[in-house]
Every structure is written in structure tokens, then in C-alpha cells.
Amino acid sequence: MHARFHMVHAVTPLVCAILLVAAGCTQTADKKGTTGKAGASKTAKAEAGANGAEAADAEPASYTDGITVPEGKVLLGSPELTAGIPGDGDLTVEQIKAWVDDPKNHETLDIALPLGLDAGLQAVKGLDANPLTRAKIELGRQLYFDTRLSSDGTISCASCHDPEQGYAAHTQFGVGVRDQMGGRNSPVSYNRIQSALQFWDGRAASLEEQAKGPIANPIEMANTHEQAVATVKGIEGYPMQFDKVFGDDSVNIDNIAKAIASFERAIVTGPSPFDFNEKLRGFAGQDLEELKKDDPDLYKEYEALKALADAHPMSESAKRGREIFFTDKGSCTACHVGPNLADELYHNLGVGMDATEPDLGRYNETKQEKDKGAFKTPTVRNVALSAPYMHNGAHKTLEEVVEWYDKGGHPNPTLDAKIKKLNLTAQDKQDLVAFMHATTGAFPKVERGRLPK
Ligand code: HEC
Ligand code: HEC
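Just so it is clear, the structure is predicted and the values come from calculations on it, not from any experiment.

Once that is clear, we can look at the overall build of the chain. Counting its regular elements, the chain contains 16 helices and 4 strands. By the burial criterion, 51% of the 453 residues in the chain qualify as buried. Taking all contacts inside the chain whose residues are at least 6 apart in sequence as the whole, residues at least 24 apart take part in 78%.

Attention now moves to the confidence of the model for the chain. Residues with a pLDDT of 70 or more make up 87% of the chain, whose mean pLDDT is 88. A low-confidence stretch, residues 1-56 stays under pLDDT 50, and its non-local contacts, those more than four residues away or across chains, total 130 contacts.

Attention shifts here to the environment of Ala334. Along the chain, Ala334 turns up in the loop between helix H13 (316-326) and strand S3 (346-347). Its 15 C-beta neighbours within 10 Å are what place Ala334 among the partly exposed residues. Here the alpha-carbon distance between Ala334 and Ile419, two residues 85 residues apart in the chain, equals 9.5 Å.

Moving on, we get to the site of ligand 1. Around ligand 1 sit 30 residues, and of these Cys157, Cys160, Gly174, Trp200 and Pro214 come closest. Elements with a minimum of two residues in the shell around ligand 1: helix H5 (157-160), helix H6 (207-216) and helix H9 (253-266). Broken down by element, the residue count for the shell around ligand 1 peaks at 5 residues, all from H6. By residue class, the composition of the shell around ligand 1 is 14 nonpolar, 10 polar and 6 charged.

By the burial criterion, the buried members of H13 are Ser317, Ala318, Gly321, Arg322, Ile324 and Phe325. Down the axis of H13, the smallest arc covering the buried residues is 165 degrees, so these residues share one side.

Relative to the assigned elements, Glu278 resides in helix H10 (residues 273-281). Overall, the presence of 23 C-beta atoms within 10 Å leaves Glu278 in the buried class. When the C-alpha atoms of Glu278 and Ala309 are compared, they prove to be 9.3 Å apart, with 31 residues separating the residues in sequence.

This next bit is on the nonpolar core. Of all hydrophobic cores here, the largest spans 52 residues; its most connected members are Leu76, Leu143, Ile256, Ile260 and Val268. Those elements giving two or more residues to this core turn out to be helix H3 (93-101), strand S2 (111-112), helix H4 (134-144), H5, H6, helix H7 (225-233), helix H8 (239-246) and H9. Counting residues per element, this core draws most heavily on H9, at 7 residues. Residues contacting Leu76, with those up to four places away along its chain left out, are Leu81, Ile111, Leu113, Ala266 and Val268.

The rules behind these values
Residues numbered from 1 in each chain as written. Chains lettered and ligands numbered in written order. Predicted model: local features only at pLDDT ≥ 70, side-chain atom pairs only at ≥ 80, totals over all residues. Helix = DSSP H or I, 4+ residues; strand = E, 2+ residues; numbered from the N terminus. Buried ≥ 20, exposed ≤ 12 C-beta atoms within 10 Å, placed from the backbone. Contact = placed C-beta atoms within 7 Å. pLDDT = per-residue confidence, 0-100. Near = placed C-beta within 6 Å. Nonpolar A, V, L, I, M, F, W, Y, C, P; charged D, E, K, R; others polar. Arc of directions from axis to C-beta. Core = buried A, V, L, I, M, F, W, Y, C linked by C-beta atoms within 7 Å.

In C-alpha cells, the structure reads:
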């Protein structure tokens, strides 16, 4: 677990529901094959195959699919933001210098979000306090993958939030230096731009505050902030970037955290079969012949969307699962709601509550009785990629998670009122799992190497 920050903060719920039709923003983009998720999608395919989700054979979508980026805006997920400083082989001081000397890399980015998350553009967090620039995102990328931030040079943020493991880790608990383990599962580090409070219990007020925790946490990166700062200062390619991004003599822990947080905000996941299908639902019941005559532009958008949905289909099973997820039958959207399918609130499902000394989660921060055993709702976007599940990593598969909900969680005094026995059939359960697989979308292309020497 990361170092604790004892404070209580007001929660800003993400009230935005999934938009059915956002008129005027669907169009087929022609850029393809720029995503960097080959490994990830392979895992998804293997798992989806096991669930009979036939959508698995389709080509992965691109983060640009289904969206038109307004003039002057930059689409988060664009490879040039996270693919590293241009060039091959080792990153040289000359390349870094050319990069930071280009004023374009220091312009504040006016962002757009990929289809799906775009409905939450108003709900993005943290950009006023820490504006995004290309240079800051790139600096954060380097720090995120740099094991030299840890005490023994073995662990980086990516060790537990690995792009190849769905930005989490396939171990029950996070594994830090000298194989030390905490008591919580590594959550995903993508789509954080739509989230204010961080950690399973929300104890960090921002991504900036969060990023400082693991560096000094004795069982994670086990460093001190002073030592981490000294190390970064001592690597020639780093101070020259900090000076241009944050001002002279600016290598300090706050700026390290700001850079890392900016990189994390740039990790947004792209559209999935679910998103194309969801948008298409907005046209259901429309007389298409009439639309063609009355509003040819909108009709064109419909056609482009239809082509995308056909190219990235949701299986019939996943479509049935979507109904269960969104209706009283499963009531999943009572909590997994909004563009990132997470309400950013805390709920007790009874996970781990049968332990003799259960992890009390949110209660540790608020000391309010009702928060005992409550944890922050995680996103279910791309969740097929980041097993095991729950704050304690107790569930190995999505099937196990669905069984947990079906039986109504584990009874305890503060069980969330929305958690009830569901009485799902075997088919319903399969369908729910297939639906979750259909939320697997494109990932940005991210360079892991090319760090300053
Ligand atoms: C040893 C494994 C490990 C390392 C290294 C690590 N983390 Fe984590 N991370 C975790 C675990 C476990 C949690 C959940 C802890 C909790 O909630 O108490 C977490 C939580 C988070 C969260 C909160 C996500 C959410 O949904 O609330 C973010 C963001 C994050 N880490 C980013 C980072 C960054 C940035 C670094 C590097 C500076 C980093 N982590 C290093 C294991 C790790
Ligand atoms: C009352 C709110 C609530 C409802 C309703 C709900 N969830 Fe959750 N979900 C959560 C919370 C909170 C967690 C984390 C709990 C924990 O770790 O203790 C979670 C965890 C998960 C996870 C694990 C994600 C991960 O990264 O570990 C999946 C998958 C999931 N839910 C799917 C579903 C499905 C499917 C349904 C509907 C059958 C559903 N949820 C209904 C709040 C809810």
C-alpha cells in the first residue's frame, strides 16, 4: 500500500451518463493501426474466445475511430503524445535538447477525448492546476518507466501498472522492491483524467498527490523523496527537461509528481465495440430513409458509425449482457456508470469482510461507520485485461466476479443497499462477462524505453 495521506475530501460524483447520440461528432477516421496494444488484445482474444464472444475476431479499433477532433484540439491517445521523443535507439542529450527547445512542445494542450470517454470531457480533473503540454507528458512518461526512482533500481510505476498487463499487474497484490507485498491489488492507471480522488480508499486528493506515495513507500519503490530527486538531478537528460517545463532549478518531488500525473492523464483508452454499439443505439427507431432526405450529414454519420460497429461487432451474447448491466436485472450501472463506467464513489460489496481483521477501506479515511469496508468503484472498461480483481485481488476471473454479485456479495452490517441477490441464469452470467469483454478498446501507443542516460 502507498504511504497514507490523512485527509478527508468531498467527493465529486461523475454524474454524466453515457450519451446516446452526440450529434455532429461521428465520422470515420482514416488513421488505422496506430495503437500499441497488440499484446493486450491478444489476451483479450484468448479470454473472449473462452466466453464465446465472437466479437473477438475483429480487428482492434483505433483510438481515432468514430470521432472528429475539432480544429485546434489535440486528441488524448494520439501516439505522438506518449510514443517518446522522436528517434530510434538510445535517447541522446542532443535529441532531448532539440525536443525541449521546440516551443510547440510547451504549448498548453486543448484536449479532446476518444469516443466513449468523450462524453465526460466536462468531467476531466486536474488540468487547471497542472496544464498538459507535450513536453510535460513526455517527461512524465520517462519517469513512469524509470526504475531508477526506486531505492534499488528495480521498480518503476510500470512494474505494478504495466501497459502489457492492462496498466495493472496480474499478481494478487502489488509487488515492490525485494518482492515485498502489500495487501491491495494494483488498480489500473488509465482513464485517471476523469477521476479526482485516487486509491481504493480515495486517500489521495489528486494524481499529483498519489504519484509521490509509491516512491517513498517502503514496500513499493522504497526510496526517499530526497534520494529520488538527487538521482533525477544526476541524470543529465532530466534537469534540462525540468528547467524548460517547470522553470530553472526545478527538479523536486512536486514537479516529478506533476510530470507523472500528466503522463497518466494522457493514458486514455479508445473506443470499444461497446462504444460503437452504444452510439448506434441512438439511431434506433429512426426512419433512416427519411433521415437520408432530411439530414444527409447526420445520415452520413450514421453510415460511418454503422461501418465501425460492423467492423468491431458486439456479439449477441455481449448485447444481452449490456441489457443486464444497464437494467435492474444486474443493476451494474447503479455504480459502474458514466463515460468511464465508474461513479467515483465508495461501496461495500462485502469483499474481504469475512476476514478476522478486514481492510476497512474508505472508513480509514472518513471514520464514518457507513464507510466500513467500502472501496472506490473501479472502471470496467478493458477490465478483461487486468485480472485479478477487487481491492484484495481475491477474484481471479470475471466469471468469479459475476458469481459474487449473483449471490449478493458477502453479508455484513455495512453492505451497500444496491447489492442484492440477482438470480441470474448461467446464460445471463456468460452474457455479462461477454459484455465486459466488449468494453476492450484501443490503447495509446506508449514507448517504454528511450529514457535519459
Ligand atoms: C509495488 C507496486 C506498485 C508500484 C511500484 C506503484 N503502484 Fe500504484 N498502486 C499500487 C497499488 C497496490 C495501489 C492501490 C493501493 C491502495 O489503494 O491503497 C495503487 C494505486 C495507484 C493509483 C490509484 C488508482 C485509482 O484508481 O485510484 C494510481 C494512479 C497509481 N497507483 C499510480 C502509480 C504511479 C504513478 C506509480 C509510480 C510513481 C505507482 N503507482 C507505483 C501498486 C503500485
Ligand atoms: C453498489 C455499487 C456496485 C454495483 C451495483 C456493482 N459494482 Fe462492480 N464494483 C463496485 C466496487 C466498489 C468494486 C470494488 C470492490 C472491492 O474491491 O471491494 C467493484 C468491482 C467490480 C469489478 C472488479 C474490477 C477490478 O478492476 O478489480 C468488476 C469486474 C465489476 N465490479 C463488475 C460489476 C458488474 C458486472 C456488476 C453488475 C452485476 C457490478 N459490478 C455491480 C461497485 C459496484
